[in-house]
Amino acid sequence: MALDAMNDVSDDALMVLYANGDAQAARALTYRHAPRVLALSRRLLRDMAEAEDVAQDAMLRLWKVAPEWRQGEAKVSTWLYRVTSNLCIDRLRKKRGTHLDDIPEPADDKPSVESLMQSHDRATALQAAMAQLPARQNLAVTLRHIEELPNPQIAQIMDISVDAVESLTARGKRTLAGLLSGQKEKLGLE
Amino acid sequence: MMEKKPDTERDKDLAVFFDAAKGVEYTPSAAFMDVVVADALDQTDARAKSALGQKASTSWRVALLRNIGGWKSATALAASAFIGVTAGYAAPDALDYISGDQTGVETVAEDSFSAAFDIAALFREG
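Residues numbered from 1 in each chain as written. Chains lettered and ligands numbered in written order. Predicted model: local features only at pLDDT ≥ 70, side-chain atom pairs only at ≥ 80, totals over all residues.

A.B. asks: Provide a residue-level description of the overall build of chain A, including the pertinent values.
C.D. replies: Tallying secondary structure elements over chain A gives eight helices and zero strands in all. Secondary structure elements of chain A, listed N to C terminal, follow the sequence α-α-α-α-α-α-α-α. Considering chain A as a whole, with its 190 residues, one finds that 41% of them fall into the buried category. In chain A, of all internal contacts separated by at least 6 residues, the share reaching a separation of at least 24 is 60%. (Helix = DSSP H or I, 4+ residues; strand = E, 2+ residues; numbered from the N terminus. Buried ≥ 20, exposed ≤ 12 C-beta atoms within 10 Å, placed from the backbone. Contact = placed C-beta atoms within 7 Å.)

This is the structure:
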């Protein structure tokens, strides 16, 4: 079956096909999910090489679990977000304390580059601020406000209640607001 | 002390930053996608090899069982072997009886017949 022809095939069906040795199903699952897994890893870890390691590891775990995949029990995307989140949090916790001082300052503290777009500056400033949040607050805010996932799905990914998700995101946003408030003028927001 | 802002105003301020972050795309390289697909195919190969190994190791047992005539024959063969070995070790005297060396019973029987013959002769003779 051609790759395009698999666009309408559900993730569960692709998992069954892949478990039965279908290479096209593996390609379809990769093109459907690997970019999102990589983006989440990159946002949380702020390092592309590390993000690729984590994304590859998460996808490898998906390939390994395929023969035992129970259809209808979990969404492939939720399962992958969960594995990726856990792998990233492990890495973030290992880095905390030793590398906190190495977190780059927002771009605005560096000499201004005219060609740099303002939105890129804001994104960089946000990333730097988010890196200072506790790992789970960072994850909850990323999933809710950047990946735009609904709270119940975030609760599944993080294995917590919806109330706990709301509490984590609220605390995270409060801290972010404090961290970013001093940079609004530089970022063209006042 | 930091001025406290209402949640809605704070969210509005942060939304600008979140929108900017959403606009940043992290497109995976072709090399990365190739590595992920290669991992998937490696796993498929590993599973296929493992399944073949299991099939091969099962097939010689199945062939052996088939050659000796199935489960019933195998059970009968095992039972016969067990009885044979047990008889050999547990009752060596019985082997004398089978080979004809057990003379005690024959002696008693011969004596009984002799005695009966003698009594009959005595009655005839008075």
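A.B. asks: I'd like a rundown of helix 6 (residues 135–146) of chain A, residues and numbers included.
C.D. replies: Residue and element names in this part refer to chain A. Taking 1.5 Å of rise per residue, 12 residues should cover 16 Å, and helix 6 covers 15 Å from first to last C-alpha, within 8% of that figure. For helix 6, the tally of buried residues reaches 10 of 12 residues, placing the bulk of the element in the interior. Looking only at helix 6, the buried set comprises Gln-137, Asn-138, Leu-139, Ala-140, Val-141, Thr-142, Leu-143, Arg-144, His-145 and Ile-146. One or two positions beyond helix 6, positive phi appears at Glu-148, with a value near 60°. (Expected span 1.5 Å × (residues − 1).)

A.B. asks: Hey, could you go over the nonpolar core for me, with residue numbers and the actual values?
C.D. replies: Of all hydrophobic cores here, the largest spans 61 residues; its most connected members are Tyr-18 and Ala-58 of chain A. Among the elements that take part in this core, helix 2 (residues 23–45) of chain A stands out by supplying 11 residues, more than any other. Counting only domains with at least three residues in this core, you end up with domain 1 (1–101) and domain 2 (103–190) of chain A. Setting aside anything within four residues of it in sequence, one finds Tyr-18 of chain A in contact with Ala-25, Ala-26, Leu-29 and Ala-66 of chain A together with Ala-40 of chain B. (Core = buried A, V, L, I, M, F, W, Y, C linked by C-beta atoms within 7 Å. Domains from an automatic or database assignment.)

A.B. asks: Which residues make up the interface of chain B and chain A, and what values do they have?
C.D. replies: Counting from both sides, the interface comprises 27 residues of chain B and, opposite them, 32 residues of chain A. Elements represented by at least two residues in the side of chain B that touches chain A include exactly helix 1 (7–23) and helix 2 (30–67) of chain B. The element best represented in the side of chain B that touches chain A is helix 2 of chain B, accounting for 12 residues. Residues that form the side of chain B that touches chain A fall into these classes: 18 nonpolar, three polar and six charged. (Nonpolar A, V, L, I, M, F, W, Y, C, P; charged D, E, K, R; others polar.)

A.B. asks: Explain the packing of helix 2 of chain A against helix 3 (residues 48–65) of chain A residue by residue, including any values.
C.D. replies: Residues and elements named next belong to chain A. Running from amino to carboxyl end, helix 2 crosses helix 3 at an angle of 135°, the nearest separation of the two axes being 8 Å. Viewed along their axes, helix 2 and helix 3 adopt a mutual orientation that is oblique. As helix 2 runs across helix 3, the sense of the crossing is right-handed. On helix 3, the residues touching Thr-30, Ala-34, Val-37, Leu-38, Ser-41, Arg-42 and Leu-45 of helix 2 are Met-48, Glu-50, Ala-51, Glu-52, Val-54, Ala-55, Ala-58 and Met-59. Split by residue class, the contact of helix 2 with helix 3 holds 10 nonpolar, two polar and three charged. (Axes fitted to C-alpha atoms, helices over the stretch in contact; angles between N-to-C directions. Parallel < 35°, antiparallel > 145°, perpendicular 65-115°, else oblique. Left-handed = near helix turned anticlockwise from the far one by under 90°.)

A.B. asks: I'd like to hear about helix 8 (residues 162–181) of chain A, residue by residue, with values.
C.D. replies: Residue and element names in this part refer to chain A. Between the first and last C-alpha of helix 8 there are 28 Å, a value that for 20 residues agrees with the 28 Å anticipated at 1.5 Å per step. Of the residues making up helix 8, those classed as buried are Val-165, Leu-168, Thr-169, Gly-172, Lys-173, Leu-176, Ala-177 and Leu-180. Seen along its axis, helix 8 keeps its buried residues to an arc of 165°; they face one direction. Opposite its buried face, helix 8 presents the exposed residues Asp-163 and Gly-178, each directed more than 90 degrees away. (Arc of directions from axis to C-beta.)

None of the figures reported here should be taken as evidence of function without further support.
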